[in-house]
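Listed below are the residues making up each chain.
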Amino acid sequence: MSREIVLDTETTGFDPRTGDRMIEVGCIEIEDLLPTGRTFHRLIHPERSIPADAIRVHGITDEKVRDAPKFAEIVIDLCDFIGDAPIIAHNAQFDRNFIDHEFGRCGRPLFPEDRWIDTLKLAQTRFPGMANSLDALCKRFKVSLVERALHGALIDARLLAEVYLELKGGKERRLDLSASRTVTAAAAAVAAQGYGPRPRPLPVRTSEAELAIHLAFLQANLKDRSLWAAYGVEA
């Protein structure tokens, strides 16, 4: 099974180098491009106040994270959930900057660059010159945004998982995978049991006149009639 992790973060701003911090992380586990149902979600105390501009985007206030754990307290659980899977993020450099910053503060080794998959770059390759924000891609692929009033790490990760599926081939790919598994299972069952006689033999649909015409054709045109004789046809 191909295991991947779709990740999204919410933060106090745009740049950890200027003091911004992560305040939420959400992850969705997928295998063979299908969600498994396993998720990881934490609010994080940023050890600073959250600006009003950021609150307008995600709705996370100082009050909501007052009793939340600090990143150092959740980093082991986060790493255990991600494991060695590739990490999928939209505009991945943004999320990676904050993850790297928090890992650096904790003294933990960073995730290698080649483990990050950027869906923004995938979208730009597929739709050059078009709007490729997560919202734009959801609308393009008809992924519902009804439940999302504000940005949130877990709900955005769920939306991104659906967008990633579409970018990798869409529902047709999922159906193909299902069909291939069904065919494989059916073939294995036949191989195990072997072919047997039909429980209800098919009726003969050839008329006597058609049989006579066919027999006359064989007699006029065949030199070696042994093949037909093997099937009980006297030509």
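Predicted model only: the values in this text are computed from it and were never measured.

Cut-offs and rules
- Each chain carries its own residue numbering, running from 1 in the direction its sequence is written.
- The model is predicted, so local features are restricted to residues of pLDDT at least 70 and side-chain atom pairs to those at 80 or more, both for listing and for counting; the totals for chains, interfaces and linings are taken over all residues.
- For side-chain calculations, the full set of non-hydrogen atoms in the structure is used, while hydrogens and water are omitted.
- Only Phe, Tyr and Trp rings take part, Trp by its six-membered ring, and two of them pair if their centres are within 6.5 Å. Stacked means planes under 30 degrees apart, edge-to-face means over 60, and tilted covers everything else.
- Every helix listed is a DSSP run of H or I at least four residues long, and every strand listed is a run of E at least two residues long, numbered separately from the N terminus.
- Each residue's exposure class comes from its accessible area (1.4 Å probe, protein chains only) as a fraction of the maximum for that residue type: buried when under 20%, exposed when over 50%, partly exposed otherwise.
- Take a side-chain nitrogen of Lys or Arg and a carboxyl oxygen of Asp or Glu: if they are within 4 Å of each other, that pair is a salt bridge.
- As used in this record, nonpolar core signifies buried Ala, Val, Leu, Ile, Met, Phe, Trp, Tyr and Cys residues forming a set joined through side-chain atoms within 4.5 Å.
- Contacts are assigned to residue pairs that have any heavy atoms within 4.5 Å of one another.
- One requirement defines pairing of two strands: DSSP has to find at least two bridges between them.
- Helix axes use the C-alpha atoms of the stretch in contact, all axes being lines fitted to C-alpha atoms, and the angles between their N-to-C directions lie in the range 0 to 180 degrees.
- Two cysteine sulfurs form a disulfide in these notes if their separation is within 2.5 Å.

Visitor: An account of the packing of aromatic side chains is needed here, citing residue identities and associated values.
Guide: If you walk through the whole model with that rule in mind, you get five aromatic pairs. Centre to centre, the rings of F71 and F103 are 6.0 Å apart; their planes meet at 45°, and the pair counts as tilted. Residue F71 is found in helix α2 (residues 71–82), and its partner F103 is found in helix α3 (residues 92–106); the two are separated by 32 residues along the sequence. The same class applies to F71 and to F103, which are both buried.

Visitor: Help me get a handle on the pattern of salt bridges, residues and values and all.
Guide: According to the stated counting rule, one finds 12 salt bridges in the structure shown. For D77, the salt bridge identified is with R42, shortest N-O distance 3.9 Å. Of this pair, D77 sits in helix α2 while R42 is found in strand β3 (residues 34–43), placing the two residues 35 residues apart along the sequence. Each of R21, E47, K70, E102 and R105 takes part in salt bridges that share partners, so that together they form one network.

Visitor: Provide a residue-level description of the nonpolar core, including the pertinent values.
Guide: Generally speaking, soluble globular proteins have nonpolar side chains that are buried together. V25 and L78 are the most contacted members of the largest nonpolar core, which has 23 residues in total. The residues touching L78, leaving out its near neighbours within four places in the chain, are V25, C27, F40, F71 and I99. If you look at the next biggest cluster of nonpolar residues, it comprises 21 residues, including F127, F141, L160 and L167.

Visitor: Before we move on, could you go through the sheet that holds strand β5 (residues 116–118) and cite the residues and values that matter?
Guide: Sheet architecture is open: five strands sit in the order β3-β2-β1-β4-β5, paired in mixed fashion. The strands lining the two open edges of the sheet, one partner per strand, are β3 and β5. The sheet shows a mean angle of 25° between the axes of neighbouring strands, taken without regard to direction. Pairing of strand β1 (residues 3–11) with strand β2 (residues 22–31) involves nine bridges; the strand directions are antiparallel. In the strand pairing of β2, T11 is matched with M22. With respect to the sheet, α3 is in contact with β1, β2, β4 (87–89) and β5, its orientation differing from that of β1 by roughly 80°.

Visitor: Could you give an account of the state of the cysteines, with specific residues and numbers?
Guide: Per the counting criterion, the structure on display carries zero disulfides. Not engaged in a disulfide, the cysteine C106 finds its nearest cysteine sulfur in C79; these two sulfurs lie 8.8 Å apart. Note on C106: relative accessible area 28%, which makes it partly exposed.

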